[in-house]
Amino acid sequence: MPELVVTALLAPSRLTLKLLRAFMWSLVFSAALVAAAVYGCIALTHVLCRPRRGCCGRPRRTPPACLSDPTLGEHCFLTLKSSGLRLHYVSAGRGNGPLMLFLHGFPENWFSWRYQLWEFQSHFHVVAVDLRGYGSSDAPKDVDCYTIDLLMTDIQDVILGLGYPKCILVSHDWGALLAWNFSIYYPSLVERLVVVSAAPMSVYQDYSLRHIGQFFRSNYVFLFQLPWLPEKLLSMSDFQILKTTLTHRKRGIPHLTPNELEAFLYDFSQPGGLTGPLNYYRNIFRNFPLAPQELATPTLLLWGEKDPYFELGLVEAISSRFVPGRLETHILPGVGHWIPQSNPKEMHQYMWAFLQDLLD
């Protein structure tokens, strides 16, 4: 068929897609402005209630002692083959078994996996990375340096750079979004997948379009589309919004100590410490609309019944995309979003059972 004819036939579809994306971006930025007004009021309230803290975050000069706890493992750096970036990671149990790679979420870092590093280093080589833009890892400033494709290539380079042909991939929140995609596009590198509190992007997209309540739960995503303002709002009153996110009585991490809270705030308080992590969100709508994807990697999915950020209905939506027999799901009653830190014992029990055949 002549190229001119093909171009003419595809023109209506391409125009429709462009109009759909233009409409989507108009909605996204409208929602971003509303979210900015709401979070602006919240941040201003924190400043007025705690005037001594001022309008800016206080840079931490010294990392808290818990970040250098030797029982968690050895601090190392790996230069990635594809990008040349250096990623920081904590490693323990090398030589004890297969690679178990941990991917953290926001607003966290490698330290969010402390309980799992202690638990699994006796039978696995456990590695918890600071994703690009986080902690001591390199943090490019450009938004385009945080696309899903580049972040998945980072994971590939970590696995191969550590000398393994595949891994057990354990993930939470943003790390889980990456892990879902990675298991689809790099299936040979993922022996087992453990996902906590996150859905694949295509599932999240389709579910949110049918359930308006999920949009309200994810309102912060729209705020983070804006340049510079989210960094300013999150840092006001010495990072009070982040503090509230992590320590809230109902929505935060139960029993988080002040020292552990500082383990997360230390990196974000450094100059530019928030921009890299927020750039993940600034790329989240880049490939809209997403086509449905079939999921086939053997997966353990853990979900908190009371997760304030993701509706419980997403679990059924995820299950509908799976090849039969490949997904094991557990919903933890009365539990929120931060399962690796709030309910490590239950998580470990499910993981040991899920991985038992690899140890026999």
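Small disclaimer: the values here were computed from a predicted structure and weren't measured.

### Concerning the overall build of the protein chain
- What the protein chain contains, in helices and strands, is 13 helices and eight strands.
- In terms of C-alpha radius of gyration, the protein chain reaches 21 Å, essentially the compact-globule figure of 21 Å for 360 residues.
- Overall, the protein chain is about 65 × 60 × 45 Å in size when its C-alpha atoms are taken along their principal axes.
- A separation of at least 24 residues holds for 77% of the contacts in the protein chain among residues at least 6 apart in sequence.
- For the protein chain, the distance from the average position of its 30 positive side-chain charges to the average position of its 29 negative side-chain charges is 8 Å.

### Quick look at the packing of helix α3 (residues 148-161) against helix α4 (residues 174-185)
- Where α3 meets α4, the axes come as close as 10 Å, and the angle between the chain directions of the two elements is 75 degrees. By the angle between their directions, the pair α3 and α4 is classed as roughly perpendicular. The segment α3 lies against α4, with I148, L151, M152, I155, Q156 and I159 engaging W174, L178, N181, F182 and Y185.
- Tallied by class, the residues present in the contact of α3 with α4 amount to nine nonpolar, two polar and no charged.

### With respect to the pattern of salt bridges
- Using the criterion set out here, one finds eleven salt bridges in the structure.
- Among the salt bridges present, the one from E191 reaches K166, with a minimum N-O distance of 3.9 Å. Here E191, found in strand β6 (residues 190-196), pairs with K166, found in the loop between α3 and β5 (167-172); they are 25 residues apart in sequence, far enough to count as distant.
- With a closest N to O distance of 2.8 Å, E231 and R282 form a salt bridge. Here the residue E231 occupies a position in helix α8 (residues 229-247), and R282 occupies one in the loop between α10 (275-281) and β7 (299-304), the gap between them amounting to 51 residues.
- Among the residues examined, E231 registers a relative accessible area of 13% and is labelled buried.
- In the salt-bridge network here, residues are joined through shared partners; they are R58, R60, D238, K243 and E262.

### Some remarks on helix α5 (residues 201-210)
- Along α5, seven of the ten residues are buried, which leaves the element largely enclosed by surrounding structure.
- Considered for burial, the residues of α5 that qualify are M201, S202, V203, Q205, D206, Y207 and S208.
- Check the buried side of α5 and you find it contacts α3, α4, α6 (212-217) and α11 (313-319).

### A closer look at unusual backbone geometry
- P107 follows F106 through a cis peptide bond whose omega is 0 degrees.
- Relative to the helices and strands, P107 resides in the loop between β3 (99-103) and α2 (114-120).
- Positive phi is not limited to glycine here, since S197 has a value of about 60 degrees.
- Mapped onto the elements, S197 comes out in the loop between β6 and α5.
- Since its relative accessible area comes to 0%, S197 is described here as buried.
- Of note in this structure, W228 is not a glycine but carries a positive phi near 55 degrees.
- The topology assignment puts W228 in the loop between α7 (219-223) and α8.

### Observations regarding the UniProt feature "transmembrane region" (unreviewed entry) in the protein chain
- The positions UniProt marks with the feature "transmembrane region" (unreviewed entry) are residues 22-44.
- Secondary structure content for residues 22-44 is 100% helix and 0% strand, while the C-alpha to C-alpha distance between its ends is 33 Å.

### Describing the packing of α8 against helix α9 (residues 258-268)
- Closest axis-to-axis distance for the α8/α9 pair is 11 Å, and the angle between their directions is 150 degrees. Crossing of α8 against α9: the hand is right-handed. Touching F239, L242, K243, L246 and T247 of α8 are L261, F264, L265 and F268, all from α9.
- Taken together, the residues of the contact of α8 with α9 sort by class into seven nonpolar, one polar and one charged.

### Here's the deal with a nonpolar patch on the surface
- A contiguous nonpolar patch, built from V34, V38 and I42 and spanning about 240 Å² of accessible area, is present on the exposed surface.
- Along the polypeptide, V34 turns up in helix α1 (residues 3-49).
- Taking relative accessible area as the criterion, V34 reaches 55% and is therefore assigned exposed.

Parameters and conventions
Along each chain, residues carry numbers from 1 onward, in the same order as the chain's sequence is written. Given that this is a predicted model, residues contribute local features only at a pLDDT of at least 70 and side-chain atom pairs are listed and counted only at 80 or more, while totals for whole chains, interfaces and linings are drawn from all residues. Neither water nor hydrogens contribute to the side-chain values; these are computed over all heavy atoms in the structure. Strands are runs of DSSP state E lasting at least 2 residues, helices are runs of H or I lasting at least 4, and numbering of each runs from the N terminus. The quantity called the radius of gyration is restricted to C-alpha atoms. Its globule counterpart is 2.2 Å times the number of residues to the power 0.38. We call two residues in contact when some of their heavy atoms are within 4.5 Å. Neither His nor the chain ends contribute to the count of charged residues, in which Lys and Arg are positive and Asp and Glu negative. In this description, the location of a charge corresponds to atom NZ of lysine, CZ of arginine, CG of aspartate or CD of glutamate. Geometry is summarised by axes, namely lines fitted to C-alpha atoms with helices restricted to the contacting stretch, and by angles between N-to-C directions that run from 0 to 180 degrees. Angle categories: roughly parallel below 35 degrees, roughly antiparallel above 145, roughly perpendicular from 65 to 115, and oblique for all the rest. Charged means Asp, Glu, Lys or Arg here, nonpolar means Ala, Val, Leu, Ile, Met, Phe, Trp, Tyr, Cys or Pro, and polar covers whatever is left, Gly included. By definition, a salt bridge exists where a carboxyl oxygen of Asp or Glu is found within 4 Å of a side-chain nitrogen of Lys or Arg. A simple rule labels every residue: compare its accessible area, found with a 1.4 Å probe on the protein chains alone, to the largest value its type can have, and call it buried under 20%, exposed over 50%, or partly exposed in between. UniProt positions are given in the numbering used here, feature names are shortened, and annotations may be inferred rather than shown by experiment. By definition, any crossing whose near helix is turned counterclockwise from its far helix by less than a right angle is left-handed, and any crossing with a clockwise turn is right-handed. Patch definition: residues with relative accessible area over 30% and no salt bridge; like charges joined within 9 Å; nonpolar side chains (Val, Leu, Ile, Met, Phe, Trp, Tyr) joined within 5 Å. Per-residue and other accessible areas were derived by the Shrake-Rupley procedure at a 1.4 Å probe size, with only the shown protein chains allowed to occlude residues.

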